[in-house]
Amino acid sequence: MPPRIKLLDQHCINQIAAGEVVERPLSVVKELIENAIDAGANKIEISVEGGGQSQIRVRDNGCGMAPEDLQLAVLPHATSKIAKIDDLNNLASLGFRGEALPTIAAISKLSIVSRRKEDAVGWEIRVEGGQVASFAETGCAPGTDVTVSDLFYNTPARRKFLRSANTEFGLISDMVSRLALANPSISFSLRHARTLVLNTTGRGNLLDTIAAVLGNEIARKMLPLEVEDQGIKVAGYIGSPEQVRKSRNGVTFIVNGRFIRSQLLYQSLKEGYHTLIPAGTYPYAVLTLTMPPAFYDVNVHPSKLEIKFKDEKVIFNLVSNSIRKTLLEARPVRSLQDKQTDYDPQNFHDYQKDQNYQNTTKLLSPRSRKIAEPHKFYSSTPTVADSWEQLKLLYKPAPGLTTDKSVKVNKELYIENQEQNQDKKSEQVNFEELRALGQLFNTYILCTDDQDLYIIDQHAAHERIRYDNLRQQLNEKGVYSQMLLIPETVELTIQEEQIMLEHFEQLNQLGFIIENFGERTYFLRAVPIVQNLPEPGKLLIKFLDEVLSKSIPPTQEKLMESWLDMIACRSALKGNAKLSLQEMDQLIQELGNRPNPLSCPHGRPTMINISKKELEDKFNRT
Amino acid sequence: MKIICSKDNLLLGVNTVQRAVATKNTMPILQGIRLRTEGSSLWFEATDLEIGIRCNIPMEVQEEGEVVLPAKLFSEFVRKLPDTDIILESIDNNVNIHYNKSNFVINGYDPEEFPEITEFTSADIIEIPATIFKKMIRQTIFACAVEETRPVFTGILVHVEKENISLVSTDSHRLAHSKAMISDNDKEFKGIIPSKTMQELLRLLDDNEILTVQYNSSKIIFKFGSCQILTRLIDGQFPSYKQVIPQSCNTKLLLNCKNFLDTVERASLLSKDNYLKINNVRFNIEDSILNVNQYSEMGKISEQIEIEQEGENVAISFNAKYVIDVLKIIDTENIIMEASGPYSPCVFRPENEEDYLYLLLPLRN
């Protein structure tokens with residue numbers, strides 16, 4: 001006899017649902033921290049034991065819960081964050097589903113101690129496997145203290161699939177770091193087996209938090225970015241192109257205080273760094289996007305790590321353009337000091353702290369503070385007045401100061417800021433001042449502006465010049481396409497066909513003349529020629545793939561770039577070619593005329609610099 | 001094996017077969033030339049399995065036998081031999097070459113490993129005068145595709161219908177078609193012959209010879225003088241060339257070949273070193289004047305040629321190389337150009353010669 005259909009009991013439902021929300025200890029930590037943030041805490045202490053399986057404890061100094069709320073909190077779909085479904089559109093809190101606590105309670109031994117500031121005593125509730133075990137008055141500090149022990153003790157299947165304690169803790173610390181980056185004004189501390197692993201100041205300075213999470217070396221070279229358009233604000237710090245890694249671990253996106261993963265944002269980041277970093281690498285970046293909640297939907301998955309934007313194109317362009325602009329304006333030149341320990345005593349101290357994971361409060365050296373000044377995009381030349389407005393936002397006057405005084409302070413700050421901007425310009429390369437000194441190994445050009453020494457890779461530099469020339473010519477003359485006597489037949493998949501039809505006009509402009517030949521077979525009547533294109537059919541498919549793989553279709557220019565790359569590289573000056581001083585000077589000046597002189601089209605650097613100070617340091621002259 | 005011969009005879013044999021020696025070294029034996037006696041003559045043979053060339057040269061044979069010698073070493077050595085009687089004597093797989101009072105030993109390959117360039121007998125034999133065939137190859141071979149992506153385009157289609165023979169080549173940007181009459185033939189044949197084979201025919205055929213063509217469904221042998229070239233036919237369907245040739249035109253021009261060629265070559269100088277390597281040339285045909293106005297970052301050219309024009313005015317762009325290619329192989333003084341608007345195929349024919357046409361597709365901008 002086949003088994004009868006029957007309704008599951010609530011306990012069973014909770015355990016199944018728990019699998020979706022609580023996949024591994026990491027999920028518990030995330031849910032609990034988010035609750036703490038929603039409770040308005042500015043200090044959150046996390047301690048983890050045994051990779052999170054033995055114990056996870058999250059303590060905050062937030063608003064706490066009333067005893068009756070505490071009893072409700074462990075019931076499914078009980079939440080203080082929304083009351084009706086329409087509230088989702090204006091959601092400002094991190095949680096809202098009312099699922100976290102009951103599901104955690106269903107698969108662990110849970111204890112919550114909570115006290116509101118106005119109450120004299122706190123209450124403790126203990127839940128084991130979904131059943132309330134005890135509820136009693138207790139003494140405690142204001143805030144909430146949640147302890148989750150023996151996670152997955154009643155779901156052996158989940159437990160079996162947990163990785164080693166170190167792996168699980170690695171995931172947890174990554175998540176805590178990102179949440180810390182998302183909330184620079186909350187002080188986070190994370191302990192594993194009583195060892196302090198991470199501690200952020202909670203002073204509201206994002207760069208301080210970045211330094212605590214990613215390290216001083218990275219933080220020092222980061223470039224500030226801030227832009228606002230169509231109600232969307234993008235702010236944060238992006239890494240210098242010289243500091244890249246093979247994975248996306250150095251990238252954090254925060255949307256309205258929520259850490260998220262988004263293919264769209266990863267892509268726009270790559271787009272911004274296009275040709276500035278080698279293919280297959282990712283820069284460091286911490287970007288905060290602020291926009292009205294109606295612009296996106298986080299209710300895609302219970303873990304709330306994914307996000308869907310309403311207008312992807314606007315966000316894509318805003319992010320990639322602002323990154324590009326920041327990078328081009330800053331033009332950071334690679335220094336020779338990469339990956340070396342800085343002997344600045346202050347930094348050295350920090351470095352040691354880093355080593356011991358004891359970086360309690362990281363103070364940045366004065367030099368990095370300077371770079372840390374937010375770099376604004378001025379639509380026109382900044383007047384003192386509108387800069388003041390921005391400055392007021394940046395430097396909130398200390399309480400107790402009179403308005404007069406605060407204006408004075410602001411003025412001083414403004415002047416300082418201006419000087420720093422000028423300072424910053426001098427850090428860029430002034431190509432007009434550069435003069436060639438000679439050639440090294442017939443491959444590198446040594447030159448100087450009498451302040452720093454620059455070493456230019458002649459092949460990379462020439463490649464950049466050729467590439468830009470080619471591009472200009474292509475823009476002027478347009479694309480030629482060779483008509484075909486015997487049309488090439490291309491068979492497209494349904495998806496490819498749709499994209500082809502959607503971009504028919506664009507394809508035409510690129511030089512593809514396409515004709516339907518019944519079903520999904522198409523005739524290629526003409527193909528673009530840029531040098532000798534070997535296989536036109538494959539080229540079309542490649543184009544379609546390109547469109548498929550990106551949510552924002554590549555422009556005609558983008559597609560041409562790949563060919564230009566190839567031609568530029570082949571025709572450029574090679575290494576091991578002797579140049580005269582005049583030729584070198586010429587090359588340097590031409591390079592200086594490019595909008596983007598510091599990397600070749602493949603993203604390799606064209607020049608590195610050694611400052612006078614670095615030389616003096618090496619010779620112990622100071 | 002023991003033979004006595006002159007340096008010239010050896011050199012002739014080596015030079016004839018050398019182009020068939022394999023350039024890739026996947027099978028070492030194919031980098032050798034086989035020498036085999038037959039009666040009082042010596043066969044030279046080389047093959048890369050796509051093409052095989054054999055050549056028979058009479059010489060004094062004292063002892064029968066065969067050897068396979070590394071082609072590069074052997075041919076370079078032969079070139080440097082003095083002009084005297086030369087004796088080749090084999091010792092197992094190796095050959096001792098005696099000249100004057102000296103000796104040179106070349107270590108050879110095992111002749112057993114050398115693939116047989118099998119001659120097949122076939123009733124299907126066509127005879128073509130060499131002069132005609134060579135001219136036809138010259139008029140078509142340049143339009144073959146170089147890239148291997150579509151193999152049928154890398155060869156020349158030979159189409160024999162009774163007394164008519166056609167050679168057609170195309171790389172899908174242009175098409176060259178040459179026709180001729182061969183008397184006393186009732187056979188039909190259609191096959192695509194690799195352009196490398198055709199190149200060898202062009203090189204080795206003497207004008208006054210008669211070319212004998214023997215074929216089956218997958219192979220073809222060309223025999224002439226003391227040589228044989230055997231090749232595999234290219235598999236695949238050649239496009240039906242007759243359908244793509246336009247039957248009418250809107251503009252018909254008569255141009256002086258040499259003047260036209262000079263103009264196009266001068267104009268293409270400007271685009272030769274341009275960054276994008278697009279070697280385009282644009283003709284503006286207006287009231288019996290052909291204008292070329294071309295500019296690039298290197299300079300500009302403006303030329304006018306007087307022409308004979310029938311029909312409407314037209315402005316049309318081509319890849320200059322493709323135009324130069326055809327003007328170089330046309331022997332007549334004047335050339336006819338037939339166009340039908342800027343995007344339709346354009347036909348070039350020599351004046352008063354119905355047997356040749358060149359179809360060229362324009363560039364769009």
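Scroll up a little and you will see the structure.
### Some words on the overall build of chain B
Then, in step 1: When helices and strands are counted, chain B shows seven helices and 27 strands.
Then, in step 2: A buried classification covers 55% of the 365 residues belonging to chain B.
Then, in step 3: By sequence separation, contacts in chain B at least 24 residues apart represent 66% of the contacts at least 6 residues apart.
Then, in step 4: Accessible surface for chain B amounts to roughly 16900 Å². Of this, 45% is attributable to carbon and sulfur atoms.

### So, the sheet that holds strand β25 (residues 346–350) of chain B
Residue and element names in this part refer to chain B.
Then, in step 1: Taken in spatial order, the nine strands line up as β14-β11-β12-β13-β26-β25-β24-β18-β22 in an open sheet, and their pairing is antiparallel. Edge strands, defined here as strands with exactly one partner in the open sheet, are β14 (188–194) and β22 (308–311). Across this sheet, the average inter-strand angle for adjacent strands is 15 degrees, counted without regard to direction.
Then, in step 2: For β25 and strand β26 (residues 356–360), the ladder comprises three bridges, and the chain directions are antiparallel. Its bridge partner being in β26, C346 is matched across the sheet by L360.
Then, in step 3: On top of the sheet, helix α4 (residues 195–204) reaches β11 (155–161), β12 (164–170) and β14; it is set at about 95 degrees to β14, its chief contact.

### Comments concerning the sheet that holds strand β2 (residues 55–60) of chain A
Backbone-to-backbone hydrogen bonds join strands into a sheet, with any given pair of strands oriented parallel or antiparallel.
Residues and elements named next belong to chain A.
Then, in step 1: One open sheet accounts for eight strands, arranged β5-β4-β3-β6-β2-β1-β7-β8; its pairing is mixed. Looking at which strands have only one partner, the edges of the open sheet turn out to be β5 (131–138) and β8 (195–199). On average, adjacent strands in this sheet sit at an angle of 15 degrees to one another, irrespective of strand direction.
Then, in step 2: Inspection of the sheet shows strand β3 (residues 109–115) paired to strand β6 (residues 143–149) by seven bridges, in the antiparallel sense. In the sheet register, S114 faces β6, and the bridge partner there is T144.
Then, in step 3: Strands β1 (43–49), β2, β6 and β7 (187–192) of the sheet are contacted by helix α2 (residues 25–38), whose axis makes an angle of about 10 degrees with β2.

Cut-off values and rules
- Residues numbered from 1 in each chain as written.
- Chains lettered and ligands numbered in written order.
- Predicted model: local features only at pLDDT ≥ 70, side-chain atom pairs only at ≥ 80, totals over all residues.
- Heavy atoms only, no water.
- Helix = DSSP H or I, 4+ residues; strand = E, 2+ residues; numbered from the N terminus.
- Buried < 20%, exposed > 50% of the residue type's maximum accessible area, 1.4 Å probe, protein only.
- Contact = heavy atoms within 4.5 Å.
- Areas by Shrake-Rupley, 256 points an atom, 1.4 Å probe, with all protein chains shown as cover.
- Pairing = 2+ DSSP bridges.
- Axes fitted to C-alpha atoms, helices over the stretch in contact; angles between N-to-C directions.

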